[in-house]
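# Report on the structure
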Amino acid sequence: MEVYELVQAPRPCSYLPNLEASFRYFYIKNCTVYLYCALLERGWRRFGNYFFVPTCKTCDACISIRQDCANFVFSKSHKRTLKARLPCEFLVQE
């Protein structure tokens, strides 16, 4: 397994206006299952062999969450929100 660490210089945030974002990256060649699971459990995201996590100093709005979709049960609050027909879009990709 080969691991390379990269740190991105701050750039304009893709999610929130007037804020800066910065990310820490690992390029991992032949990542083990153990390391893969450990990184995801700690909020790291993955794109191919690249793993990344936000390292913004002034914001924590884009913290990753993990949801077990197969066993998800809508609460009363979720159902009310869906019935309100707010302008939102749901996109499910496989």
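Residues numbered from 1 in each chain as written. Predicted model: local features only at pLDDT ≥ 70, side-chain atom pairs only at ≥ 80, totals over all residues. Heavy atoms only, no water.

### Quick notes on the overall build of the protein chain
Looking only at helices and strands, the protein chain features two helices and six strands. Over its C-alpha atoms, taken along the principal directions, the protein chain stretches across nearly 50 × 35 × 20 Å. The buried share among the 94 residues of the protein chain stands at 18%. Both charge centroids of the protein chain, one from 13 positive and one from 8 negative side chains, sit 8 Å from each other. (Helix = DSSP H or I, 4+ residues; strand = E, 2+ residues; numbered from the N terminus. Buried < 20%, exposed > 50% of the residue type's maximum accessible area, 1.4 Å probe, protein only. Lys, Arg positive; Asp, Glu negative; His and termini not counted. Charge placed at Lys NZ, Arg CZ, Asp CG, Glu CD.)

### Regarding unusual backbone geometry
With a phi angle near 65 degrees, Asn18 is a residue other than glycine that sits in the positive phi range. Mapped onto the secondary structure, Asn18 falls in the loop between β2 (11-12) and β3 (20-21). Classification of Asn18 as exposed rests on a relative accessible area of 81%. Even without being glycine, Asn30 reaches a positive phi, approximately 60 degrees.

### Side note on a positive patch on the surface
Taken together, Lys76, Lys79, Arg80 and Lys83 make up a surface patch of like positive charges. If you trace the backbone, Arg80 turns up in helix α2 (residues 76-83). Taking the relative accessible area as the measure of exposure, Arg80 reaches 56% and is therefore exposed. (Patch = residues over 30% accessible without salt bridge, like charges linked within 9 Å, V, L, I, M, F, W, Y side chains within 5 Å. Areas by Shrake-Rupley, 256 points an atom, 1.4 Å probe, with all protein chains shown as cover. Salt bridge = Lys/Arg side-chain N within 4 Å of Asp/Glu carboxyl O.)

### Brief notes about the sheet that holds strand β1 (residues 2-7)
The sheet built from four strands is open, its strands ordered β1-β4-β6-β5 with antiparallel pairing. Only two strands of the sheet have a single neighbouring strand rather than two, namely β1 and β5 (45-47). Averaged over neighbouring strand pairs, the angle between their axes works out to 25 degrees when direction is ignored. Sheet analysis places β1 next to strand β4 (residues 23-29), joined by six bridges and oriented antiparallel. (Pairing = 2+ DSSP bridges. Axes fitted to C-alpha atoms, helices over the stretch in contact; angles between N-to-C directions.)

### Considerations on the pattern of salt bridges
Under the definition given, this model contains one salt bridge. In this structure, Arg24 engages Glu5 in a salt bridge whose closest nitrogen and oxygen atoms are separated by 2.6 Å. One end of the pair, Arg24, is in strand β4; the other, Glu5, is in strand β1, with 19 residues separating them in the sequence. Since its relative accessible area comes to 32%, Arg24 is described here as partly exposed.

### Focus: the packing of aromatic side chains
Enumeration over the complete set of coordinates arrives at eight aromatic pairs. Geometrically, the ring pair formed by Phe23 and Phe52 is edge-to-face, given 5.9 Å between the ring centres and 70 degrees between the ring planes. Here Phe52 lies in strand β6 (residues 50-54) and Phe23 lies in strand β4, a separation of 29 residues in the sequence. For the pair Phe23 and Phe52, one class covers both residues: buried. For the pair Tyr25 and Phe52, a centre-to-centre distance of 5.7 Å together with 35 degrees between the ring planes defines the contact as tilted. In this pair, Tyr25 sits in strand β4 while Phe52 sits in strand β6, placing the two residues 27 residues apart along the sequence. For Tyr25, a relative accessible area of 22% corresponds to the partly exposed category. (Phe/Tyr/Trp six-rings, centres within 6.5 Å; stacked < 30°, edge-to-face > 60°.)

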